[in-house]
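# Chain and residue survey
So the chains spell out like this:
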Amino acid sequence: MFDIIGKKRWFFLFSLLVTIPGLFFIVLTPLTGGKEGLQFTIDYTGGTTWQIRFADASVGADDVAAVFHANGLQAIVVKQGNGFMDIKTEAIGLLPAPAPTPVPSVEPSASAGASASVEPSASAAASASAAAPSGSAAPSASAAPSAAPSPTPSAAPSAAPSASAGASASPSASPPVATGNTQLPTDGKGGEMVKALEARFGKIAEQASLTTIGPVVSADLINQALILILVGSLGILLWITYRFQDVKFGVTALVALVHDVIVVVGIFAMLGTFFRIEIDALFVTAMLTVIGFSVHDTIVVFDRIRENRARHAGEPFAEIVNHSILQTFARSIMTSFTVVLTLLSLYLFGGAAIRNFVLALLIGIISGTYSSIFNASPLLVVWHEWEDRRLGRTGASRAPRTRRAAS
(Lines give C-alpha, C1' and ligand atoms only; values in the text may rest on other atoms or scores of the structure.)
Protein backbone atom coordinates (compact mmCIF):
# COMPACT_ATOMS: atom_id res chain seq x y z
CA MET A 1 0.00 0.00 0.00
CA PHE A 2 1.41 3.38 -1.03
CA ASP A 3 1.97 5.57 2.02
CA ILE A 4 0.88 9.05 0.91
CA ILE A 5 0.59 10.38 4.44
CA GLY A 6 4.07 9.13 5.32
CA LYS A 7 5.53 11.20 2.46
CA LYS A 8 3.45 14.29 3.21
CA ARG A 9 6.49 16.49 3.78
CA TRP A 10 7.66 15.88 0.21
CA PHE A 11 4.27 16.90 -1.11
CA PHE A 12 4.29 20.02 1.06
CA LEU A 13 7.77 20.85 -0.24
CA PHE A 14 6.60 20.52 -3.84
CA SER A 15 3.68 22.87 -3.15
CA LEU A 16 6.07 25.42 -1.68
CA LEU A 17 8.32 25.18 -4.74
CA VAL A 18 5.30 25.99 -6.92
CA THR A 19 3.69 28.72 -4.81
CA ILE A 20 6.73 30.71 -3.63
CA PRO A 21 7.85 31.82 -7.13
CA GLY A 22 4.25 32.69 -7.92
CA LEU A 23 3.97 34.78 -4.76
CA PHE A 24 7.20 36.55 -5.70
CA PHE A 25 5.83 37.60 -9.09
CA ILE A 26 2.50 38.58 -7.55
CA VAL A 27 4.29 40.90 -5.11
CA LEU A 28 6.20 42.39 -8.04
CA THR A 29 2.94 43.80 -9.38
CA PRO A 30 2.54 46.63 -6.82
CA LEU A 31 6.28 47.07 -6.35
CA THR A 32 6.86 47.83 -10.05
CA GLY A 33 3.66 49.77 -10.59
CA GLY A 34 2.23 47.07 -12.86
CA LYS A 35 5.20 46.91 -15.22
CA GLU A 36 6.05 43.39 -14.00
CA GLY A 37 3.92 40.65 -12.50
CA LEU A 38 0.19 40.56 -13.14
CA GLN A 39 -0.92 42.42 -16.24
CA PHE A 40 -4.52 43.62 -16.10
CA THR A 41 -6.73 44.62 -18.97
CA ILE A 42 -8.44 47.98 -18.89
CA ASP A 43 -11.47 46.23 -17.38
CA TYR A 44 -9.62 46.53 -14.06
CA THR A 45 -7.17 49.38 -14.57
CA GLY A 46 -9.22 51.79 -16.66
CA GLY A 47 -7.74 53.45 -19.70
CA THR A 48 -7.70 53.00 -23.45
CA THR A 49 -6.67 50.05 -25.57
CA TRP A 50 -5.98 50.74 -29.21
CA GLN A 51 -5.08 48.24 -31.91
CA ILE A 52 -3.75 49.82 -35.11
CA ARG A 53 -1.59 48.78 -38.03
CA PHE A 54 0.64 51.15 -39.97
CA ALA A 55 1.15 50.96 -43.69
CA ASP A 56 4.88 50.90 -42.93
CA ALA A 57 5.50 47.48 -41.40
CA SER A 58 8.91 48.52 -40.06
CA VAL A 59 7.46 50.81 -37.36
CA GLY A 60 8.66 49.67 -33.93
CA ALA A 61 6.75 49.47 -30.66
CA ASP A 62 9.30 51.63 -28.82
CA ASP A 63 9.00 54.37 -31.43
CA VAL A 64 5.21 54.44 -31.06
CA ALA A 65 5.52 54.59 -27.26
CA ALA A 66 7.91 57.53 -27.64
CA VAL A 67 5.31 59.48 -29.64
CA PHE A 68 2.73 58.92 -26.91
CA HIS A 69 5.24 60.05 -24.30
CA ALA A 70 5.99 63.18 -26.30
CA ASN A 71 2.27 64.00 -26.23
CA GLY A 72 2.00 63.59 -22.46
CA LEU A 73 0.67 60.00 -22.37
CA GLN A 74 2.31 56.95 -20.85
CA ALA A 75 1.71 53.95 -23.10
CA ILE A 76 2.65 50.27 -23.22
CA VAL A 77 2.99 49.17 -26.84
CA VAL A 78 3.34 45.56 -27.99
CA LYS A 79 3.73 44.66 -31.65
CA GLN A 80 1.92 41.50 -32.69
CA GLY A 81 2.97 39.09 -35.39
CA ASN A 82 0.22 40.25 -37.72
CA GLY A 83 1.62 43.79 -37.75
CA PHE A 84 -0.90 45.31 -35.34
CA MET A 85 0.23 47.49 -32.46
CA ASP A 86 -1.50 46.76 -29.14
CA ILE A 87 -1.40 50.12 -27.36
CA LYS A 88 -2.48 50.44 -23.72
CA THR A 89 -2.55 53.93 -22.29
CA GLU A 90 -4.46 56.11 -19.88
CA ALA A 91 -8.02 57.01 -20.77
CA ILE A 92 -8.14 59.51 -23.61
CA GLY A 93 -11.21 61.41 -24.76
CA LEU A 94 -12.07 60.56 -28.32
CA LEU A 95 -14.28 63.62 -28.86
CA PRO A 96 -14.29 67.06 -27.23
CA ALA A 97 -17.17 68.02 -25.00
CA PRO A 98 -20.08 69.55 -26.92
CA ALA A 99 -19.78 73.33 -27.23
CA PRO A 100 -22.13 75.11 -24.82
CA THR A 101 -23.11 77.83 -27.31
CA PRO A 102 -25.42 75.81 -29.60
CA VAL A 103 -27.49 74.60 -26.65
CA PRO A 104 -28.75 78.05 -25.51
CA SER A 105 -29.47 79.00 -29.10
CA VAL A 106 -31.66 75.94 -29.53
CA GLU A 107 -33.45 76.50 -26.22
CA PRO A 108 -34.70 80.06 -26.94
CA SER A 109 -35.76 79.09 -30.42
CA ALA A 110 -37.76 76.26 -28.98
CA SER A 111 -39.39 78.60 -26.48
CA ALA A 112 -40.04 81.10 -29.21
CA GLY A 113 -41.63 78.39 -31.27
CA ALA A 114 -43.73 77.41 -28.30
CA SER A 115 -44.88 81.00 -27.74
CA ALA A 116 -45.62 81.37 -31.40
CA SER A 117 -47.77 78.27 -31.34
CA VAL A 118 -49.79 79.74 -28.49
CA GLU A 119 -50.82 82.72 -30.63
CA PRO A 120 -54.16 82.53 -32.40
CA SER A 121 -54.18 80.46 -35.53
CA ALA A 122 -55.40 83.49 -37.50
CA SER A 123 -51.98 85.10 -37.26
CA ALA A 124 -50.35 81.93 -38.60
CA ALA A 125 -52.81 81.91 -41.46
CA ALA A 126 -52.09 85.56 -42.13
CA SER A 127 -48.36 84.95 -42.28
CA ALA A 128 -48.94 82.01 -44.61
CA SER A 129 -51.19 84.05 -46.90
CA ALA A 130 -48.75 86.94 -46.86
CA ALA A 131 -46.15 84.64 -48.33
CA ALA A 132 -48.36 84.10 -51.41
CA PRO A 133 -47.70 86.70 -54.15
CA SER A 134 -51.26 87.16 -55.39
CA GLY A 135 -54.55 85.40 -55.75
CA SER A 136 -57.95 85.06 -54.25
CA ALA A 137 -56.46 85.07 -50.75
CA ALA A 138 -55.45 88.74 -51.08
CA PRO A 139 -58.47 90.14 -49.19
CA SER A 140 -57.83 87.90 -46.23
CA ALA A 141 -54.19 88.96 -46.25
CA SER A 142 -55.22 92.60 -46.12
CA ALA A 143 -57.64 91.90 -43.32
CA ALA A 144 -55.11 90.07 -41.24
CA PRO A 145 -52.64 92.94 -40.84
CA SER A 146 -55.36 95.08 -39.35
CA ALA A 147 -55.85 92.47 -36.64
CA ALA A 148 -52.19 91.90 -35.98
CA PRO A 149 -50.10 94.53 -37.71
CA SER A 150 -46.54 94.05 -36.55
CA PRO A 151 -46.11 90.91 -34.38
CA THR A 152 -46.96 88.45 -37.13
CA PRO A 153 -44.30 89.49 -39.66
CA SER A 154 -41.63 89.57 -36.95
CA ALA A 155 -42.69 86.15 -35.62
CA ALA A 156 -42.39 84.50 -39.00
CA PRO A 157 -38.82 85.56 -39.68
CA SER A 158 -37.76 84.58 -36.16
CA ALA A 159 -39.27 81.14 -36.59
CA ALA A 160 -37.46 80.56 -39.84
CA PRO A 161 -33.99 81.30 -38.49
CA SER A 162 -34.71 79.15 -35.45
CA ALA A 163 -35.41 76.20 -37.71
CA SER A 164 -32.24 76.77 -39.64
CA ALA A 165 -30.30 77.22 -36.43
CA GLY A 166 -31.64 73.92 -35.15
CA ALA A 167 -30.60 72.23 -38.35
CA SER A 168 -27.12 73.66 -38.14
CA ALA A 169 -26.79 72.84 -34.44
CA SER A 170 -27.50 69.12 -34.78
CA PRO A 171 -24.43 68.32 -36.89
CA SER A 172 -22.15 70.14 -34.45
CA ALA A 173 -23.59 68.17 -31.51
CA SER A 174 -22.83 64.79 -33.17
CA PRO A 175 -19.36 63.77 -34.41
CA PRO A 176 -18.70 64.53 -38.05
CA VAL A 177 -17.18 61.06 -38.49
CA ALA A 178 -18.42 57.93 -36.73
CA THR A 179 -15.90 56.68 -34.20
CA GLY A 180 -16.62 52.98 -34.08
CA ASN A 181 -14.12 50.30 -33.22
CA THR A 182 -12.77 50.21 -36.76
CA GLN A 183 -12.80 53.91 -37.61
CA LEU A 184 -10.03 56.26 -36.58
CA PRO A 185 -10.99 59.13 -34.25
CA THR A 186 -10.83 62.63 -35.72
CA ASP A 187 -11.44 64.83 -32.66
CA GLY A 188 -10.24 65.10 -29.09
CA LYS A 189 -7.03 63.58 -27.78
CA GLY A 190 -7.54 60.53 -29.97
CA GLY A 191 -7.60 62.70 -33.07
CA GLU A 192 -4.45 64.47 -31.93
CA MET A 193 -2.67 61.14 -31.50
CA VAL A 194 -3.73 60.01 -34.98
CA LYS A 195 -2.22 63.16 -36.46
CA ALA A 196 0.97 62.80 -34.42
CA LEU A 197 1.43 59.14 -35.34
CA GLU A 198 0.73 59.67 -39.03
CA ALA A 199 3.07 62.66 -39.10
CA ARG A 200 5.86 60.48 -37.70
CA PHE A 201 5.25 57.06 -39.29
CA GLY A 202 2.95 57.65 -42.22
CA LYS A 203 -0.62 56.53 -42.78
CA ILE A 204 -2.42 54.23 -40.34
CA ALA A 205 -3.65 51.44 -42.61
CA GLU A 206 -6.18 49.81 -40.28
CA GLN A 207 -7.71 50.05 -36.83
CA ALA A 208 -8.86 46.78 -35.26
CA SER A 209 -10.39 48.14 -32.06
CA LEU A 210 -10.54 51.16 -29.78
CA THR A 211 -11.93 50.84 -26.25
CA THR A 212 -11.94 53.28 -23.35
CA ILE A 213 -13.04 52.43 -19.79
CA GLY A 214 -13.11 54.97 -16.98
CA PRO A 215 -11.57 54.40 -13.55
CA VAL A 216 -14.93 54.28 -11.77
CA VAL A 217 -16.09 51.27 -13.78
CA SER A 218 -12.77 49.46 -13.30
CA ALA A 219 -12.83 50.08 -9.53
CA ASP A 220 -16.33 48.63 -9.32
CA LEU A 221 -15.20 45.51 -11.19
CA ILE A 222 -12.25 45.00 -8.84
CA ASN A 223 -14.47 45.34 -5.77
CA GLN A 224 -17.02 42.92 -7.17
CA ALA A 225 -14.32 40.37 -8.01
CA LEU A 226 -12.84 40.51 -4.50
CA ILE A 227 -16.26 40.26 -2.89
CA LEU A 228 -17.17 37.24 -5.01
CA ILE A 229 -14.00 35.36 -4.09
CA LEU A 230 -14.15 36.25 -0.38
CA VAL A 231 -17.84 35.46 0.02
CA GLY A 232 -17.44 32.20 -1.88
CA SER A 233 -14.49 31.12 0.25
CA LEU A 234 -16.23 32.03 3.50
CA GLY A 235 -19.37 30.17 2.45
CA ILE A 236 -17.33 27.08 1.62
CA LEU A 237 -15.58 27.20 5.00
CA LEU A 238 -18.84 27.50 6.92
CA TRP A 239 -20.61 24.79 4.94
CA ILE A 240 -17.84 22.19 5.23
CA THR A 241 -17.46 22.92 8.94
CA TYR A 242 -21.19 22.42 9.42
CA ARG A 243 -21.35 19.35 7.18
CA PHE A 244 -18.51 17.47 8.92
CA GLN A 245 -19.10 18.97 12.39
CA ASP A 246 -15.38 19.74 12.65
CA VAL A 247 -13.65 23.02 11.93
CA LYS A 248 -10.46 21.19 10.92
CA PHE A 249 -12.15 19.90 7.77
CA GLY A 250 -13.30 23.35 6.78
CA VAL A 251 -9.99 25.09 7.42
CA THR A 252 -7.84 22.48 5.64
CA ALA A 253 -10.17 22.57 2.65
CA LEU A 254 -9.84 26.36 2.60
CA VAL A 255 -6.03 26.12 2.79
CA ALA A 256 -6.03 23.79 -0.22
CA LEU A 257 -8.32 26.25 -1.98
CA VAL A 258 -5.95 29.16 -1.28
CA HIS A 259 -3.10 27.01 -2.59
CA ASP A 260 -4.93 26.59 -5.90
CA VAL A 261 -5.67 30.31 -6.16
CA ILE A 262 -2.02 31.20 -5.52
CA VAL A 263 -0.85 28.66 -8.10
CA VAL A 264 -3.13 30.00 -10.83
CA VAL A 265 -2.57 33.70 -10.08
CA GLY A 266 1.17 33.16 -9.63
CA ILE A 267 1.54 31.41 -12.98
CA PHE A 268 -0.38 34.21 -14.67
CA ALA A 269 1.91 36.70 -12.94
CA MET A 270 4.88 34.89 -14.50
CA LEU A 271 3.19 34.79 -17.89
CA GLY A 272 2.37 38.49 -17.58
CA THR A 273 5.99 39.29 -16.79
CA PHE A 274 7.56 37.30 -19.63
CA PHE A 275 4.79 37.11 -22.26
CA ARG A 276 2.54 40.10 -21.34
CA ILE A 277 -0.52 37.88 -20.92
CA GLU A 278 -3.29 39.93 -19.34
CA ILE A 279 -6.00 39.12 -16.83
CA ASP A 280 -9.49 40.04 -18.01
CA ALA A 281 -13.01 39.81 -16.60
CA LEU A 282 -13.28 36.11 -17.51
CA PHE A 283 -10.38 35.35 -15.16
CA VAL A 284 -12.63 35.88 -12.13
CA THR A 285 -15.09 33.37 -13.59
CA ALA A 286 -12.27 30.90 -14.07
CA MET A 287 -11.10 31.37 -10.47
CA LEU A 288 -14.58 30.77 -9.07
CA THR A 289 -14.85 27.61 -11.18
CA VAL A 290 -11.47 26.40 -9.92
CA ILE A 291 -12.52 27.07 -6.33
CA GLY A 292 -15.68 25.03 -6.78
CA PHE A 293 -13.88 22.13 -8.45
CA SER A 294 -11.11 22.05 -5.84
CA VAL A 295 -13.54 21.94 -2.93
CA HIS A 296 -15.70 19.35 -4.70
CA ASP A 297 -12.76 16.96 -5.03
CA THR A 298 -11.65 17.61 -1.45
CA ILE A 299 -15.12 16.87 -0.08
CA VAL A 300 -15.11 13.47 -1.81
CA VAL A 301 -11.94 12.49 0.07
CA PHE A 302 -13.17 13.98 3.34
CA ASP A 303 -16.46 12.12 3.09
CA ARG A 304 -14.63 8.82 2.71
CA ILE A 305 -12.44 9.72 5.69
CA ARG A 306 -15.55 10.26 7.79
CA GLU A 307 -17.00 6.91 6.74
CA ASN A 308 -13.79 4.98 7.43
CA ARG A 309 -13.29 6.79 10.70
CA ALA A 310 -16.61 5.44 11.95
CA ARG A 311 -16.01 2.01 10.42
CA HIS A 312 -12.48 1.58 11.78
CA ALA A 313 -12.81 3.35 15.10
CA GLY A 314 -9.69 3.09 17.22
CA GLU A 315 -7.23 2.80 14.37
CA PRO A 316 -4.58 5.48 13.78
CA PHE A 317 -6.06 8.51 12.10
CA ALA A 318 -3.16 8.67 9.63
CA GLU A 319 -3.92 5.10 8.53
CA ILE A 320 -7.59 5.91 8.04
CA VAL A 321 -6.80 9.01 5.97
CA ASN A 322 -4.23 7.20 3.83
CA HIS A 323 -6.64 4.35 3.11
CA SER A 324 -9.41 6.83 2.25
CA ILE A 325 -7.14 8.66 -0.20
CA LEU A 326 -6.24 5.42 -1.95
CA GLN A 327 -9.90 4.43 -2.18
CA THR A 328 -10.83 7.69 -3.93
CA PHE A 329 -7.56 8.13 -5.85
CA ALA A 330 -8.68 6.49 -9.09
CA ARG A 331 -11.99 8.31 -9.06
CA SER A 332 -10.31 11.72 -8.55
CA ILE A 333 -7.73 11.15 -11.28
CA MET A 334 -10.23 9.89 -13.85
CA THR A 335 -12.65 12.76 -13.20
CA SER A 336 -9.93 15.36 -13.52
CA PHE A 337 -8.44 13.68 -16.58
CA THR A 338 -11.71 13.88 -18.52
CA VAL A 339 -12.03 17.58 -17.63
CA VAL A 340 -8.42 18.23 -18.65
CA LEU A 341 -8.99 16.56 -22.04
CA THR A 342 -11.98 18.83 -22.67
CA LEU A 343 -10.06 21.94 -21.64
CA LEU A 344 -7.10 20.98 -23.83
CA SER A 345 -9.43 20.73 -26.82
CA LEU A 346 -10.87 24.16 -26.04
CA TYR A 347 -7.42 25.65 -25.57
CA LEU A 348 -6.11 24.31 -28.87
CA PHE A 349 -9.19 24.85 -31.04
CA GLY A 350 -11.46 27.25 -29.13
CA GLY A 351 -9.99 30.48 -30.47
CA ALA A 352 -7.99 33.32 -28.97
CA ALA A 353 -10.97 34.98 -27.24
CA ILE A 354 -11.25 32.28 -24.55
CA ARG A 355 -7.67 30.97 -24.55
CA ASN A 356 -6.56 32.69 -21.34
CA PHE A 357 -9.82 31.71 -19.65
CA VAL A 358 -9.31 28.06 -20.58
CA LEU A 359 -5.65 28.21 -19.54
CA ALA A 360 -6.64 29.42 -16.07
CA LEU A 361 -9.15 26.59 -15.79
CA LEU A 362 -6.60 24.05 -16.97
CA ILE A 363 -4.00 25.11 -14.42
CA GLY A 364 -6.59 25.33 -11.65
CA ILE A 365 -8.08 21.87 -12.30
CA ILE A 366 -4.66 20.22 -12.20
CA SER A 367 -3.69 22.14 -9.07
CA GLY A 368 -7.05 21.40 -7.44
CA THR A 369 -6.70 17.68 -8.00
CA TYR A 370 -3.20 17.72 -6.53
CA SER A 371 -4.13 19.79 -3.47
CA SER A 372 -7.21 17.68 -2.70
CA ILE A 373 -5.13 14.49 -2.55
CA PHE A 374 -1.70 15.60 -1.40
CA ASN A 375 -2.37 18.78 0.62
CA ALA A 376 -5.82 18.90 2.22
CA SER A 377 -5.88 15.39 3.70
CA PRO A 378 -2.23 15.39 4.90
CA LEU A 379 -2.84 18.80 6.52
CA LEU A 380 -5.83 17.26 8.29
CA VAL A 381 -3.55 14.52 9.67
CA VAL A 382 -0.92 17.07 10.79
CA TRP A 383 -3.53 19.11 12.63
CA HIS A 384 -5.12 16.01 14.20
CA GLU A 385 -1.78 14.67 15.43
CA TRP A 386 -0.82 18.07 16.85
CA GLU A 387 -4.14 18.22 18.70
CA ASP A 388 -3.59 14.69 20.07
CA ARG A 389 -0.16 15.63 21.39
CA ARG A 390 -1.50 18.81 22.93
CA LEU A 391 -4.32 16.98 24.71
CA GLY A 392 -2.25 13.89 25.53
CA ARG A 393 -4.37 11.54 23.42
CA THR A 394 -1.56 9.26 22.27
CA GLY A 395 -3.33 5.94 22.72
CA ALA A 396 -5.69 6.37 19.78
CA SER A 397 -2.89 7.24 17.41
CA ARG A 398 -0.89 4.13 18.42
CA ALA A 399 -3.72 1.59 18.40
CA PRO A 400 -3.03 -1.82 16.83
CA ARG A 401 -3.47 -2.21 13.08
CA THR A 402 -5.27 -5.56 13.13
CA ARG A 403 -8.44 -4.52 11.25
CA ARG A 404 -6.95 -3.00 8.14
CA ALA A 405 -7.08 -6.23 6.14
CA ALA A 406 -10.80 -6.50 6.72
CA SER A 407 -11.38 -3.21 4.89
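How each quantity is defined
Residues numbered from 1 in each chain as written. Predicted model: local features only at pLDDT ≥ 70, side-chain atom pairs only at ≥ 80, totals over all residues. Heavy atoms only, no water. Phe/Tyr/Trp six-rings, centres within 6.5 Å; stacked < 30°, edge-to-face > 60°. Buried < 20%, exposed > 50% of the residue type's maximum accessible area, 1.4 Å probe, protein only. Lys NZ or Arg CZ within 6 Å of the ring centre and 35° of its normal. Salt bridge = Lys/Arg side-chain N within 4 Å of Asp/Glu carboxyl O. Axes fitted to C-alpha atoms, helices over the stretch in contact; angles between N-to-C directions. Helix = DSSP H or I, 4+ residues; strand = E, 2+ residues; numbered from the N terminus. Left-handed = near helix turned anticlockwise from the far one by under 90°. Contact = heavy atoms within 4.5 Å. Nonpolar A, V, L, I, M, F, W, Y, C, P; charged D, E, K, R; others polar. Lys, Arg positive; Asp, Glu negative; His and termini not counted. Polar contact = N/O pair within 3.5 Å; in protein donor to acceptor, adjacent residues only side chain to side chain. Core = buried A, V, L, I, M, F, W, Y, C linked by side-chain atoms within 4.5 Å. Pairing = 2+ DSSP bridges.

## Some words on the packing of aromatic side chains
Remark: the centre distance and the inter-plane angle together describe each pair of aromatic rings, the angle taken between the planes. Inspection of every chain in the model, using the stated rule, returns 13 aromatic pairs. Plain terms: the ring middles of Phe244 and Phe249 are 5.1 Å apart, the flat faces sit at 10 degrees to each other, and that makes the pair stacked. Judged by relative accessible area, which is 3%, Phe249 ranks as buried. Over the ring of Phe84 we find Arg53; its NZ or CZ atom is 5.8 Å from the centre of that ring. Sitting over the face of the ring of Tyr347, Arg355 holds its NZ or CZ atom 5.7 Å from the ring centroid.

## Details of the pattern of salt bridges
The tally for this structure, following the rule as stated, stands at eight salt bridges. Here the residues in one salt-bridge network are Asp246, Lys248 and Glu387, joined through shared partners.

## Observations concerning the packing of helix 10 (residues 247-275) against helix 11 (residues 281-311)
Between helix 10 and helix 11, the shortest axis-to-axis distance is 9 Å and the interhelical angle comes to 145 degrees. For helix 10 against helix 11, the interelement crossing comes out right-handed. Across the interface between the two elements, Phe249, Thr252, Ala253, Ala256, Leu257, Asp260, Val261, Val264, Val265 and Phe268 from helix 10 touch Phe283, Met287, Val290, Ile291, Ser294, Val295, Thr298, Phe302, Ile305 and Arg309 from helix 11. Considered class by class, the residues forming the contact of helix 10 with helix 11 number 15 nonpolar, three polar and two charged.

## Focus: the side chain of Asp260
For Asp260, the location among the structural elements is in helix 10. No salt bridge is formed by the buried Asp260; its nearest oppositely charged neighbour, Arg331, is found at 13 Å. In terms of polar contacts, Asp260 uses its side chain to reach the side chain of His259, at 3.1 Å. Sequence-distant contacts of Asp260, defined by excluding residues within four places in its chain, comprise Val290, Ser294, Ser367, Gly368 and Ser371.

## What about the nonpolar core?
Residues Val264, Phe268 and Phe283 are the most contacted members of the largest nonpolar core, which totals 28 residues. Counting only elements with at least two residues in this core, the list comes to helix 1 (8-31), helix 10, helix 11, helix 12 (317-349) and helix 13 (355-391). If you tally residues by element for this core, the top one is helix 13, at seven residues. Each residue touching Phe268, except ones within four places of it in the same chain, is listed here: Leu38, Ile277, Ile279, Phe283, Asn356, Leu359, Ala360 and Ile363. Of all hydrophobic cores here, the second largest spans 25 residues; its members include Phe11, Ile291, Val301 and Leu380.

## Remarks on the side chain of Thr298
Structurally, Thr298 is set in helix 11. A polar side-chain atom of Thr298 sits 2.8 Å from the main-chain carbonyl oxygen of Ser294. Excluding its chain neighbours within four sequence positions, the residues that come into contact with Thr298 are Ala253, Ser372 and Ala376.

## Things to note about the sheet that holds strand 4 (residues 85-89)
As summarised here, the arrangement of the four strands in space is 3-4-2-5, forming an open sheet in which the pairing is antiparallel. The open sheet has two free edges, formed respectively by strand 3 (75-79) and strand 5 (204-213), since each of these has just one partner strand. Averaged over neighbouring strand pairs, the angle between their axes works out to 15 degrees when direction is ignored. Two elements, strand 2 (residues 47-54) and strand 4, share five bridges in a ladder whose sense is antiparallel. Note that in strand 4 the partner of Thr49 across the bridge is Lys88. Relative to the sheet, helix 3 (residues 61-70) contacts strand 2, strand 3 and strand 4, its axis offset from that of strand 3 by approximately 155 degrees. Where helix 8 (residues 188-201) meets the sheet, it contacts strand 2 and strand 5, and its direction lies at approximately 30 degrees from that of strand 2.

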